[in-house]
Amino acid sequence: MKMVSTKSYLGISLLIAGILIASLYNYPVEKYVKTDTYSKRDFTVSGYFNSGDRLVLDITPDKMWSTFLFDWIRTDFIPKREDCRIQVKINNTYGESTVIDIIFLLLASPTGEEASLMPYAVYPVNSTGGLTNIGKAETEGLVEATVETEGEYTASIVLMGNLTVSFLKAVGNAVPPKSIRLLRYVKIYDYKYRQIAPVGGFLIVAGLTIIAVDYRWAKKVARRRHVLPKRLPNRQRLFLRVDVTSNEMSFFNFN
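Residues numbered from 1 in each chain as written. Predicted model: local features only at pLDDT ≥ 70, side-chain atom pairs only at ≥ 80, totals over all residues. Heavy atoms only, no water.

If you had to explain the pairing of strand β3 (residues 54–60) to someone new, which residues and values would you point to?
Taking burial as the measure, the 7 residues of β3 include 5 buried ones, the bulk of the element. With 4 bridges joining them, β3 and strand β8 (residues 143–147) adopt antiparallel strand pairing. Bridged to leucine 57 within β8 is valine 143. (Buried < 20%, exposed > 50% of the residue type's maximum accessible area, 1.4 Å probe, protein only. Helix = DSSP H or I, 4+ residues; strand = E, 2+ residues; numbered from the N terminus. Pairing = 2+ DSSP bridges.)

Outline the nonpolar core, supporting the account with residue identities and numerical values.
Ranked by size, the top nonpolar core spans 34 residues in total, and within it Leu57, Ile59, Trp65, Val88, Ile102, Ile157 and Met160 carry the most contacts. Setting aside residues up to four positions removed in sequence, isoleucine 102 forms contacts with Leu57, Ile59, Cys84, Arg85, Ile86, Val88, Ala121, Leu142 and Val143. (Core = buried A, V, L, I, M, F, W, Y, C linked by side-chain atoms within 4.5 Å. Contact = heavy atoms within 4.5 Å.)

So what's going on with the packing of aromatic side chains? Which residues, and what values?
Applying the stated criterion to the full structure yields 2 aromatic pairs. Ring plane angle 90° and centroid distance 6.0 Å describe the contact between phenylalanine 49 and tyrosine 153, whose orientation is recorded as edge-to-face. Here tyrosine 153 lies in strand β9 (residues 151–160) and phenylalanine 49 lies in strand β2 (residues 44–49), a separation of 104 residues in the sequence. Linked through ring pairs, Tyr38, Phe49 and Tyr153 together constitute an aromatic cluster. (Phe/Tyr/Trp six-rings, centres within 6.5 Å; stacked < 30°, edge-to-face > 60°.)

Below, the structure is given as structure tokens:
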């Protein structure tokens, strides 16, 4: 059985590695890029989104929420913690809606002189369509979702604590957030592996070269082993013969 040499193993390994790396040339990596920011200092904000976009909702509480207004909007959802609920409703142009509860915790400064609200949890309440994959945002913002239906989306704060915004407006205590934002992220395909594709081509050429050189060398060695050695001619052995009767001497060949 013919054994594969170490050089051939190296060449085959380089060839396989090169093919794998070169095959990544057209391999796309999905990622989302922020393209639009719709922001207002109000209870409502709107923005246009296409199907497949990622919608991100962000709310920055006003300082008045954690001081003057906190006793009004306090809900105590989290045991042994001071918190409040901000309920948001997101509608689109087709009448589809999504309701989300966002829980904020009241945090005091190290000196205890100031307090601020920090987002703690996100709870999707219900949805009739328009958005899917609703949950807590992983990076920027509070809530993220995938847009299913193209159109204009409007996010509105409808409840603060257990009080409606319309009631707070009626009694003169409706303090809007410092900002309410809708961020639009568009999905793109990044072919980042194309930068290393030339390395794959180099490995393929190197692997094929090593295999070819090793094959030619092995073939040359095998040819030398199968060549029969030249046969040397028989050496003639001459013997002296003496004829006693005639006193004559002669040589004869004995093979």
